[in-house]
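Read off the chains here:
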Amino acid sequence: MPDMFSVTSERLDDDLGVVVLSGEVDIFTAPQFKESLLELLDSGVKRLVVDLSEVTFIDSTALGVLIGGVRRVHGAGGAMTIVVTTRPVERVLSVTGLDRVFSMHATRDEAITALA
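Okay, so let's go over this structure.

Each helix and strand in the protein was counted, giving four helices and five strands. Mapped from its N terminus to its C terminus, the protein presents α and β elements in the order β-β-α-β-α-β-α-β-α. Over its C-alpha trace the protein gives a radius of gyration of 13 Å, about what one expects of a compact globule, namely 13 Å for 116 residues. The burial tally for the protein puts 44% of its 116 residues in the buried class. For the protein, the share of sequence-separated contacts (at least 6 apart) that also reach a separation of at least 24 residues comes to 65%.

Below, the structure written as structure tokens:
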């Protein structure tokens with residue numbers, strides 16, 4: 001049975017938000033991820049943490065959502081960090097070269113601190 005996908009988001013202060021993903025983020029679940037991301041950005045969030053620490057699989061559709069998110073945040077004068085702890089996600093980011101695009105951290109607290 002595939003790992004159950006979930007996405008939650010919360011606003012930590014006026015311009016800081018967190019999107020937390022778990023399970024498999026793929027062509028079927030990426031639209032929910034995108035919706036959560038856009039809701040935060042549309043509400044004025046300019047500092048964003050995307051927590052992928054519980055993600056077991058990520059595909060190119062989900063990577064596209066991440067890239068779109070970082071572009072939008074940078075366009076608004078903000079910043080985005082990601083939390084990566086699982087080898088499969090680290091490997092995909094490394095193989096695609098996206099590990100050089102994103103500010104990656106081992107914990108959510110580190111990611112939030114990097115945006116301070």
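What follows concerns the packing of helix H1 (residues 30-42) against helix H2 (residues 60-75). Taken N-terminus to C-terminus, the directions of H1 and H2 make an angle of 10°; their axes are 9 Å apart at the nearest point. Put simply, H1 runs roughly parallel to H2. From H1, Ala 30, Phe 33, Lys 34, Leu 37, Leu 38, Leu 41 and Asp 42 reach across to H2, where they touch Thr 61, Ala 62, Val 65, Leu 66, Gly 69, Arg 72 and Val 73. Residues of the contact of H1 with H2, tallied by class, amount to nine nonpolar, two polar and three charged.

Take the sheet that holds strand E5 (residues 103-105) next. The five strands lie next to each other as E1-E2-E3-E4-E5, forming an open sheet whose pairing is mixed. Strands with a single pairing partner mark the edges of an open sheet, and in this sheet they are strand E1 (6-13) and E5. Recorded for the sheet is a direction-independent mean angle of 20° between the axes of neighbouring strands. Bridge count for strand E2 (residues 16-25) against strand E3 (residues 47-58) is nine bridges, and the pairing is parallel. The residue bridging Gly 23 from the neighbouring strand is Val 55, located in E3. Across the sheet, H1 is in contact with E1, E2 and E3; its angle to E2 comes to roughly 180°. In this fold H2 packs onto E2, E3 and strand E4 (79-83), with an angle of close to 150° to the strand it touches most, E4.

So, how was this worked out
- Residues numbered from 1 in each chain as written.
- Predicted model: local features only at pLDDT ≥ 70, side-chain atom pairs only at ≥ 80, totals over all residues.
- Heavy atoms only, no water.
- Helix = DSSP H or I, 4+ residues; strand = E, 2+ residues; numbered from the N terminus.
- Rg over C-alpha atoms; globule rule 2.2 N^0.38 Å.
- Buried < 20%, exposed > 50% of the residue type's maximum accessible area, 1.4 Å probe, protein only.
- Contact = heavy atoms within 4.5 Å.
- Axes fitted to C-alpha atoms, helices over the stretch in contact; angles between N-to-C directions.
- Parallel < 35°, antiparallel > 145°, perpendicular 65-115°, else oblique.
- Nonpolar A, V, L, I, M, F, W, Y, C, P; charged D, E, K, R; others polar.
- Pairing = 2+ DSSP bridges.

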